[in-house]
Structure formats: C-alpha cells, structure tokens
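Structure at a glance
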Amino acid sequence: MTTLDRYIARQFLVNVVVLLTILFLFVIAIDVAINLGRFAEAGASLSASDDPGVLGRAWLTAYAVCDLWWPRLVQLYGFLLGLVMVAALGFTATQLARSRELLAMVAAGQSLHRVARPVLIVAGGLTLLQAGAQELVLPRVAPLLSRDHGDAGKRFGSAAPIPLVATDDGVLLSAAAFDAELGVLERPFFFEVDERGRSTQVVRAERATWSEPDGAWVLENGYAESRLAAGTAGDRPAPVAKNRVQTSLDPARLRFERDAAYRQALGFAQARSMLENAGGIGEQTKDGLRRIMWGRVSVMACNILSLLIAMPFFVTRQPDGIMPRVLRGTPLALTALMGGILGSSAAIPGLENGWLATLGVFLPVLVLAPLAAAALGAIKT
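Let me sum up the structure you'll find in this document.

What counts as what
Residue indices follow the written sequence of each chain, beginning from 1 at its first position. At least 70 in pLDDT is required for a residue's local features to be given in this predicted model, at least 80 for side-chain atom pairs to be given and counted, and no such filter applies to totals for whole chains, interfaces and linings, which use all residues. Based on all heavy atoms of the structure, the side-chain values leave hydrogens and waters out of the count. Only DSSP runs of H or I covering at least 4 residues are called helices, and only runs of E covering at least 2 are called strands; the numbering of each starts at the N terminus. Should DSSP find at least two bridges between two strands, the strands are regarded as paired. Think of it in three bands: with a 1.4 Å probe and only protein chains considered, a residue is buried below 20% of the maximum accessible area for its type, exposed above 50%, and partly exposed in between. In what follows, residue pairs with any heavy atoms lying within 4.5 Å of each other are defined as contacts. For patches, a residue must show more than 30% relative accessible area and have no salt bridge; joins then use 9 Å for like charges and 5 Å for nonpolar side chains, namely Val, Leu, Ile, Met, Phe, Trp and Tyr. Computed with a 1.4 Å probe, the accessible areas rest on the Shrake-Rupley method; for each residue, only the protein chains presented here act as cover. Salt bridges are counted wherever a side-chain nitrogen of Lys or Arg sits within 4 Å of a carboxyl oxygen of Asp or Glu. Take the number of residues in a helix, subtract one, and multiply by 1.5 Å to get its expected span. For a residue, the bend is simply the angle between two axes, fitted respectively to the seven-residue segment ending there and the seven-residue segment starting there. Here a pair means two rings of Phe, Tyr or Trp (six-membered ring of Trp) with centres within 6.5 Å. Their orientation is stacked below 30 degrees between planes, edge-to-face above 60, and tilted elsewhere. The rule is short: NZ of Lys or CZ of Arg within 6 Å of the ring centre and within 35 degrees of the ring normal puts a charge over the ring.

Turning our eyes to something else, we now look at unusual backbone geometry. Backbone geometry at arginine 187 places phi at a positive 50 degrees, although glycine is not the residue there. With respect to the helices and strands, the residue arginine 187 is situated in strand β3 (residues 184-193). At asparagine 221, a position not held by glycine, the phi torsion is positive, near 55 degrees.

Following this line, the structure appears as structure tokens:
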C-alpha cells in the first residue's frame with residue numbers, strides 16, 4: 001500500500017473503531033440504567049463477604065456488567081459491522097472532501113477509485129475478524145449469551161423449563177427445568193409416539209442426567225406407562241421401571257431448541273456437524289441450520305456490497321456538506337443492509353426447503369452485486 005492508501009485506510013479504521021465504541025457504550029449505558037438493581041444483586045451474590053462495603057459493591061456491580069456484556073458485544077459486533085462501515089465511509093469521505101484532499105487527488109491525476117481500494121482492504125479485514133469471532137469465539141461462549149441479568153457472573157444461565165420438543169426418532173420431551181451446565185432435567189416426561197402421532201408410552205422420572213458415552217438420559221426413579229391398552233385405567237399394565245431413554249435430544253440440541261441466542265451462536269462447523277448427524281432433527285430445523293450456516297456468508301457479502309453501493313454518494317470532487325450526502329446515500333445503503341440481513345435469515349417463499357434454502361440466503365447477494373458494480377462506475381472522477 002502507498003502512503004495515500006495507508007492514510008485513507010487509517011482514517012477509515014479510526015472512524016470504525018470510534019463509531020463501534022460509541023454504539024457499544026450507548027447500548028451498555030441504557031441497559032445498566034434500566035437494570036442497575038439487578039446487576040447490583042448479581043454482584044452481591046458473587047461476594048464471599050456479607051458486607052463487602054461501598055467500594056466492594058461498586059466493583060462487583062461493574063464486574064457483573066462486564067461479565068454479562070463482553071460476549072454480547074462480540075455478537076453485537078457482527079450485527080452492527082455493516083452499518084458502522086457505511087457510516088465510517090461517510091465520515092472518512094467527508095473529512096477528505098472538507099480538507100480538499102479529494103480535489104488534490106483529482107488535480108494530481110489520481111482516480112477517485114483509489115479511495116475505494118484501502119477502504120475495501122480494511123473492510124475485508126474487519127469482515128474476516130467478524131468471521132473469526134463467529135466461528136472461534138461465539139461457539140465457545142454460546143452458553144453465556146442465554147444468561148439473564150440475574151445470572152451475571154455465572155457460567156451458565158439459570159435452569160429453565162423445556163416446552164414440548166419433538167424429533168424424528170419418535171420421542172417428545174418436556175421437563176420442569178433444564179440445567180445446561182450439568183446436563184440435568186428435572187421432572188422430565190418422555191413421550192414415545194407412533195407413525196400416526198399417537199402416544200404409545202410415557203416415561204417419567206424425578207431427574208434425568210445425560211450420559212455422553214451411551215447417548216442416553218439416565219433416569220432417577222424412572223418408570224414407563226403404556227398408553228395402548230384398551231379398557232379402563234385398571235385394565236392397563238402396571239408401570240414398569242426404566243433407567244434410561246435413548247434419544248437424539250442431547251443437551252446441545254435442547255439448548256439449540258430453547259435459546260435463540262445459543263442458536264445464532266452456532267459456528268459453521270457445529271451447524272454442519274448437526275446436519276451430518278441429523279437423524280433426530282426435523283426438516284424445518286435442518287432448513288434453519290442451513291440458513292444459519294450460509295446466511296452469515298451472505299450477510300458478510302452484503303455488508304461489502306452495501307459499502308460499494310454507498311461509495312458514489314460520499315466520494316465526490318465537490319467539498320459540499322455532509323447532510324446532502326447523508327440524505328442521498330443513507331436510505332439506499334440502509335435498504336441494502338436490511339435487505340441482506342432479512343433475506344439471509346428469513347425463509348423466502350418457494351426457497352425455504354432443502355437445497356433451495358441455501359440458494360435463498362444468497363438471493364440478496366445476487367440482487368446487490370449488479371447495483372454495487374453500477375455504483376462503482378458512477379463515481380465521477
């Protein structure tokens with residue numbers, strides 16, 4: 001990179017970092033202002049002393065805030081990156097135009113397309129950082145994303161009930177509480193159904209613990225009741241003791257079904273592994289996994305394309321004010337960003353099943369690519 005390229009790249013990167021910092025602090029400040037009491041209670045629960053003092057309580061509260069929000073900021077970075085890069089482009093181009101540096105480039109015989117090169121290099125690096133965070137960091141901290149404010153400082157969220165969850169292997173599960181950290185179900189019900197959807201047997205227990213080597217739930221005081229016997233309740237067979245239930249509903253799958261935050265934190269490799277071992281996963285869930293896998297790739301591509309679409313509105317020879325540029329370029333850039341996010345995450349009618357679900361997530365890329373090419377050609381230089 002030349003001196004000019006490094007200068008523009010540094011300006012753009014500084015603006016990105018400043019905008020991200022302002023947005024992060026703004027979001028955290030609002031959340032702390034609304035939930036300060038809950039953060040204080042969570043911090044107090046971490047203290048080994050009954051009365052840690054004023055400074056101690058303040059430190060523990062600050063620790064609870066940081067502990068809850070740092071994994072969320074990693075996820076928020078991926079959500080906001082496209083918007084922040086477009087805004088940073090606007091600030092960078094405005095700074096260059098006001099100081100007459102773009103005019104000096106044209107007078108020196110340089111094309112204004114030179115501005116796009118360092119911006120795209122930095123944007124590509126930030127996008128690679130986003131991909132690394134989603135593939136290497138988020139899957140490891142996924143249980144932290146489902147925590148509530150009262151769970152700050154804990155490694156997992158509080159135990160929560162499991163609604164009725166079904167799989168293709170004929171087992172439905174419901175439980176009063178699910179502890180993701182220990183892999184324990186409290187008062188679980190396992191319903192076995194036939195091909196017609198009728199319940200053939202229900203298995204109850206006081207507690208069930210997941211056994212990874214066996215791929216089964218080990219039951220405490222478990223018993224099975226048949227639902228197929230005809231006649232009165234007295235004619236049915238007596239309950240039979242049962243100590244385990246073999247099913248594909250492991251703790252990871254339950255977290256996937258229960259927590260939307262955990263689902264969005266799955267890495268590409270994790271989602272692909274779940275698809276390859278999808279014996280107990282329904283078709284709707286498989287399509288959702290495909291959208292999670294490839295939708296992120298589509299969003300990253302749409303972020304770069306939206307940056308290119310906004311380029312001719314901000315990179316101009318005239319040192320005019322920022323408001324005319326914002327009013328012209330922001331609506332189009334926001335439409336491109338929102339279209340990319342919604343198109344890659346929502347099921348498109350006619351493209352929601354099987355391999356069509358993979359094709360559907362790239363539909364925004366196919367729409368924005370020619371617009372981005374046209375935008376680059378529209379830069380007056």
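All right, on to the pairing of strand β7 (residues 223-226) then. The side chains of a regular strand alternate between both faces of the sheet. Here four bridges tie strand β4 (residues 199-204) to β7, and the two strands are oriented antiparallel to one another. Bridge pairing in β7 places glutamine 201 opposite serine 226. One ladder, built from two bridges, connects β7 with strand β8 (residues 240-241); its direction is antiparallel. Bridged to alanine 224 within β8 is valine 240.

The next point concerns the side chain of aspartate 5. Turning to its location among the elements, aspartate 5 is positioned in helix α1 (residues 3-45). Taking the relative accessible area as the measure of exposure, aspartate 5 reaches 2% and is therefore buried. Dropping the residues within four chain positions of it, aspartate 5 is found in contact with Arg114, Arg117 and Pro118.

Another aspect to go through is a nonpolar patch on the surface. Residues Leu363, Leu366, Val367 and Leu371 make up a contiguous nonpolar surface patch of roughly 350 Å² in combined accessible area. As for its position among the elements, leucine 371 is in helix α11 (residues 363-377). Residue leucine 371 is classed as partly exposed on the basis of its relative accessible area of 45%.

On to helix α4 (residues 113-145), then. Here α4 is 33 residues long, yet its end C-alpha atoms lie only 41 Å apart, well below the 48 Å a rise of 1.5 Å per residue gives. If you look at α4, its biggest bend is around 60 degrees, right at leucine 138, and the proline proline 139 turns up within four residues after that.

On to the environment of leucine 327. Looking at where leucine 327 falls in the secondary structure, it is placed in helix α9 (residues 322-345). Put simply, leucine 327 and phenylalanine 313 are 14 residues apart on the chain and 9.4 Å apart in space, counted from C-alpha to C-alpha.

With that settled, consider the packing of aromatic side chains. For any pair of aromatic rings, geometry is given as the distance between the ring centres together with the angle between the planes. One pass over the structure, following the stated rule, counts three aromatic pairs. Aromatic side chains phenylalanine 189 and phenylalanine 191 sit 6.2 Å apart centroid to centroid with 15 degrees between the ring planes, which places their arrangement in the stacked category. The exposure class of phenylalanine 189 is partly exposed, given its relative accessible area of 29%. Judged by centre distance (5.2 Å) and plane angle (65 degrees), the ring pair of tryptophan 210 and tryptophan 217 falls under edge-to-face. Residue tryptophan 210 is classed as buried on the basis of its relative accessible area of 14%. Residue tryptophan 217 is classed as buried on the basis of its relative accessible area, which comes to 0%. A cation over an aromatic ring shows up here: arginine 72 above the ring of tryptophan 69, its NZ or CZ 5.5 Å from the ring centre.

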